[in-house]
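Spelled out from the first residue to the last, the chains are:
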Amino acid sequence: MSRLFNQMPTAELQALDAAHHMHPFTNDAALGAKGARVIARAKGSTLTDTDGVELLDAMAGLWCVNIGYGRDELARAAFAQMQELPYYNTFFQTTHPPVVALAKKLAELLPGPLNHLFFANGGSDANDTNIRLVRHYWALKGKPSKKTIISRVNAYHGSTMGAASLGGMAPMHAQGGLPIPDITHIAQPFWWAEGGDMTPDDFGIKAAQALEAEIERLGEDNVAAFIAEPVQGAGAVIVPPDSYWPEIQRICDAHEILLIADEVICGFGRTGSWFGSQTYSIRPDIMTIAKGLSSGYAPIGASVVSDAVAEVIDSADFNHGYTYSGHPVSCAVALENLRILEEEKIVDTVRDETGPYLSRRWKALADHPLVGEARISGLMAAIELTPDKQARAAFAAPAGTVGTICRDFCFENKLIMRHVRDSMIISPPLVITKDEIDSLIDRASRALDQTEARLKAEGLMTPA
Ligand SMILES: *Cc1c(COP(=O)(O)O)cnc(C)c1O
């Protein structure tokens, strides 16, 4: 069946897609009129569409294909596991070898006391688990009033009711009655847009201290946890000032609240360490993992908890679970992915070679007249497009107008780079080579030149 569709002309696939397939985060009517891009196959860091056009995937799919496309070992691991045991659940006092093996392997890789895993299908439902878990934890400790979870504006924690409520995305909150009760949001450490005249480090301290003010406003007896991504990903790769995380850690240590690090993007090498918490010296009580855990080859996520948290949760029933918690095929694929990451020293390569190389070339983009700031952590990076660098000005046109123009020029140059408002972001496969990085920068530079020309032609270079 799917083979038949592999032979189908692009226009026919697009018509059927428009007729029957509803896309995430998409205006389907507008997309249907234009036709979706149809990706047929991929290898390494390169995608091929149904017209045979090759695109450099500087987003690793959706921040997840860290070991690159086309690794037969993962396909073989899935095949072998499906033959042996395609499915069994982990409810009702049962387990199976792949979930045991993966939990043990992750406990070895994870920092500090993070030794216990509750599996999910991805990051959203792992974060839903976290909401119930932290509230249940405090109830078991005799402090049921500790329910509120503090998050940040412009955070992304997933798309379920709970995860989208944790997230700080206004367009998501605007639909479907979000956020759910007992979740609040403090400001983000986004110096470029919100730092004003402060130095980045002074601003980082100020942004962190918003957490302490919020704990005091709510009353410590009502706060369960603080959740944050080490580096905000979907928010536009917001690399916090150096001062930010040490101050957040101090505040979490000073108050009786749990710290949840959402490592769905930062985990598994993205920032040049196995976990973003290591890069930024964060000591979380709970961690969310997904995406890079299987390099996107199979859906899997997990909520990871410390020894101390597990001891409390394990003392009673936790009335929670997903049919596919610890799915054997996903576990087998994740294990094989971790084996490759380790044996091929992919994280070391990001830290010592490709990360520093991309950093040097990426930061040079800030010389372009349209680029106000270039920021990077490991292999995730952003540039801010601006009509006036000195003033760190936004464009007069509605946010996203310029970003969309630049994104479309990137496609024309066979580069998948995403825009968030008027920031351009990348998160390439961790196996991207230096030659591919050169090509990424060449294509991005060309797209920037074309964007600048277009903005001038259309009178869009005006600051807000
Ligand atoms: C993608 C993402 C999620 C949601 O994960 P899904 O697998 O899409 O449910 C959660 N947190 C962060 C930081 C993410 O980037």
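Along each chain, numbering runs from 1 in the same order as the chain's sequence is written. Totals for whole chains, interfaces and linings use every residue, but because this is a predicted model, local features are given only for residues with pLDDT of at least 70 and side-chain atom pairs only at 80 or more, for both listing and counting. Derived side-chain values reflect all non-hydrogen atoms in the structure, with water molecules and hydrogen atoms excluded from consideration.

1. As for the overall build of the protein chain
Put simply, DSSP H or I for four residues or longer makes a helix, DSSP E for two residues or longer makes a strand, and each gets a number counted from the N terminus. When its secondary structure is counted, the protein chain shows 18 helices and 15 strands. Once the C-alpha set of the protein chain is aligned to its principal axes, its extents read approximately 65 × 60 × 45 Å. Whether a residue is buried, partly exposed or exposed follows from its accessible area with a 1.4 Å probe, protein chains only, as a fraction of its type maximum: under 20%, in between, or over 50%, in that order. When burial is assessed residue by residue, the protein chain has 54% of its 464 residues classed as buried. Residue contacts are defined here by distance: any two heavy atoms, one from each residue, within 4.5 Å place the two residues in contact. When contacts within the protein chain are restricted to residue pairs at least 6 apart in sequence, those whose partners lie at least 24 apart make up 71%.

2. Looking at the layout of surface pockets
The rolling of a water-molecule-sized probe over the atoms marks out the regions of remaining empty space. Note on definitions: the grid is 1 Å and covers protein atoms alone; a cavity is a set of points where a 1.4 Å probe fits but cannot get out; a pocket is an open set with protein on both sides within 12 Å along at least five of seven lines; lining residues have an atom within 4 Å of a point. Grid points are joined across faces, edges and corners, and a volume is the space filled by probe spheres set on the points. Estimates place the volume of the second largest pocket at around 800 Å³. For the second largest pocket, the lining is made up of 27 residues, of which Thr90, Leu117, Phe118, Asp314 and Phe318 are closest to its centre. Any residue outside Ala, Val, Leu, Ile, Met, Phe, Trp, Tyr, Cys, Pro, Asp, Glu, Lys and Arg is labelled polar, Gly included; the first ten of those are nonpolar and the last four are charged. Residue composition of the lining of the second largest pocket, grouped by class: 14 nonpolar, 11 polar and 2 charged.

3. Brief notes about the packing of aromatic side chains
Only rings of Phe, Tyr and Trp enter the pairing, Trp through its six-membered ring, and a pair is recorded when the two centres are within 6.5 Å. The plane angle decides the type: under 30 degrees is stacked, over 60 is edge-to-face, the rest tilted. Within the structure shown, the criterion is met by 6 aromatic pairs. Here Tyr87 and Tyr324 contribute two aromatic rings whose centre-to-centre distance is 5.8 Å and whose plane-to-plane angle is 85°, an arrangement assigned as edge-to-face. Here Tyr87 is found in the loop between helix 5 (72-84) and helix 6 (97-109), whereas its partner Tyr324 is found in the loop between helix 14 (307-313) and helix 15 (328-343), with 237 residues between them in sequence. On the basis of relative accessible area, Tyr87 is assigned to the partly exposed category, the value being 28%. For Tyr324, a relative accessible area of 46% puts it in the partly exposed group. With a centroid separation of 4.9 Å and 80° between ring planes, the pair formed by Tyr137 and Trp138 is classed as edge-to-face. By relative accessible area, Tyr137 is classed as buried at 7%. Trp138 sits in the buried class, given a relative accessible area of 2%. Over the face of the ring belonging to Phe411 we find Arg37, whose NZ or CZ atom lies 3.6 Å from the ring centre. A positively charged side chain is recorded as over a ring if its NZ (Lys) or CZ (Arg) lies within 6 Å of the ring centre. The angle to the ring normal must also be within 35 degrees.

4. Let's talk about the environment of Glu216
Looking at the element boundaries, Glu216 is found in helix 11 (residues 200-218). Of the residues examined, Glu216 reaches a relative accessible area of 56% and is grouped as exposed. Glu216 sits 39 residues away from His255 along the chain, and the two C-alpha atoms are 9.8 Å apart.

5. As for empty space enclosed by the protein
Applying the stated criterion across every chain yields a total of 1 cavity of 30 Å³ or more. Forming the walls of the largest cavity are Gln14, Asp17, Ala18, His21, His23, Asp28, Leu31, Gly32, Gly35 and Ala36. Taken together, the elements giving at least two residues each to the lining of the largest cavity come down to helix 2 (10-20) and helix 3 (28-34). Split into classes, the residues belonging to the lining of the largest cavity amount to 3 nonpolar, 5 polar and 2 charged.

6. Regarding the nonpolar core
Residue types Ala, Val, Leu, Ile, Met, Phe, Trp, Tyr and Cys, when buried and joined through side-chain atoms within 4.5 Å, form a set referred to as a nonpolar core. Counting residues in each nonpolar core, the largest one holds 66 residues, and the members touching the most others are Leu106, Ile289, Trp362 and Leu385. Split by domain, this core shows at least three residues from each of two domains, domain 1 (37-67 + 345-457) and domain 2 (73-343). By size, the runner-up hydrophobic cluster in this structure holds 38 residues, among which are Leu55, Ala60, Trp63 and Val237. Marked domain ranges trace back to an automatic or database domain assignment.

7. A few points about the site of the ligand
Only a single heavy atom is needed: when it lies within 4 Å of a molecule or strand, its residue is near that molecule or strand. Close contacts around the ligand come from Gly122, Gly123, Ser124, Asn127, Tyr156, His157, Gly158, Glu229, Asp262, Val264, Ile265 and Lys291, and that covers them all. Using a 1.4 Å probe, accessible areas were evaluated by the Shrake-Rupley method; residue-level cover was limited to the displayed protein chains. Alone, the ligand offers 380 Å² of accessible surface; in the complex the protein occludes 82% of this. A total of 3 residues in the shell around the ligand trace back to one element, the largest contributor, which is helix 7 (residues 123-140). Among the residues making up the shell around the ligand, the classes are represented as 3 nonpolar, 6 polar and 3 charged.

8. Concerning the sheet that holds strand 2 (residues 46-49)
Reading across from one edge, 1-2-3-13 is the order of the 4 strands in this open sheet, with mixed pairing throughout. In this open sheet, the two strands that pair with only one neighbour each are strand 1 (39-43) and strand 13 (415-416). Convention adopted: a line fitted to C-alpha atoms gives each axis, helices being fitted over their contacting stretch, and angles between N-to-C directions are expressed from 0 to 180 degrees. With respect to the sheet, helix 18 (residues 434-457) is in contact with strand 2, strand 3 (54-57) and strand 13, its orientation differing from that of strand 3 by roughly 100°. DSSP bridges decide pairing: two strands pair if at least two such bridges lie between them.

9. Considering a nonpolar patch on the surface
Taken together, the side chains of Leu4, Phe5 and Leu16 present a nonpolar region at the surface, about 260 Å² in accessible area. As for its position among the elements, Leu4 is in helix 1 (residues 2-6). Among the residues examined, Leu4 registers a relative accessible area of 56% and is labelled exposed. Patch members must show over 30% relative accessible area and no salt bridge, and they are joined within 9 Å when carrying like charges or within 5 Å when they are nonpolar side chains of Val, Leu, Ile, Met, Phe, Trp or Tyr. Any Lys or Arg side-chain nitrogen found within 4 Å of a carboxyl oxygen on Asp or Glu counts as a salt bridge.

10. A short note on the sheet that holds strand 11 (residues 371-377)
Strand order in the open sheet made by the 4 strands is 11-12-15-14, with antiparallel pairing throughout. Looking at which strands have only one partner, the edges of the open sheet turn out to be strand 11 and strand 14 (418-420). Direction aside, the axes of adjacent strands within the sheet are offset by 25° on average. Set on the sheet, helix 16 (residues 346-364) makes contact with strand 11, strand 12 (380-385) and strand 15 (423-426); between it and strand 11 the angle comes to about 170°.

11. Observations regarding helix 11
For a helix, the expected span equals 1.5 Å multiplied by the residue count minus one. For helix 11, spanning 19 residues, the distance from its first C-alpha to its last is 28 Å, which sits close to the expected 27 Å at 1.5 Å a residue. All buried positions along helix 11 are accounted for by Phe203, Gly204, Ala207, Ala208, Leu211, Glu212, Glu214, Ile215 and Leu218. Lining the buried residues of helix 11 we find strand 5 (148-152), strand 6 (183-186), helix 10 (191-194), strand 7 (223-228) and helix 12 (244-254). Directly beyond the C-terminal end of helix 11, a positive phi value near 90° is found at Gly219.

12. Re the packing of helix 16 against helix 18
Look at helix 16 against helix 18: their axes get within 10 Å of each other, and the N-to-C directions meet at 20°. Between helix 16 and helix 18, the angle falls in the class roughly parallel. Crossing angle aside, the handedness with which helix 16 passes helix 18 is right-handed. Across from Glu353, Thr354, Tyr357, Leu358, Arg361 and Trp362 in helix 16, the residues of helix 18 making contact are Lys434, Ile437, Asp438, Leu440, Ile441 and Asp442. Looking at the contact of helix 16 with helix 18, its residues break down into 6 nonpolar, 1 polar and 5 charged. The labels follow the angle: roughly parallel below 35 degrees, roughly antiparallel above 145, roughly perpendicular from 65 to 115, and oblique for the rest. Left-handed describes a crossing whose near helix is turned anticlockwise from the far helix through less than a right angle; right-handed describes the clockwise counterpart.

13. Comments concerning the side chain of Asp125
Looking at the secondary structure, you find Asp125 in helix 7. Buried charge Asp125 goes without a salt bridge, the closest partner of opposite sign being Lys291 at 11 Å. A polar contact is formed between the side chain of Asp125 and the backbone nitrogen of Gly122, at a distance of 3.0 Å. When sequence neighbours within four positions are dropped, the list of residues in contact with Asp125 reads Ala120 and Tyr322. Charged-residue counts in this description rest on Lys and Arg as positive and Asp and Glu as negative, His and the chain ends being excluded. Here a polar contact is taken to be a pair of N or O atoms separated by no more than 3.5 Å, where protein atoms must pair a possible hydrogen donor with a possible acceptor and residues adjacent in sequence count only if both atoms sit in side chains.

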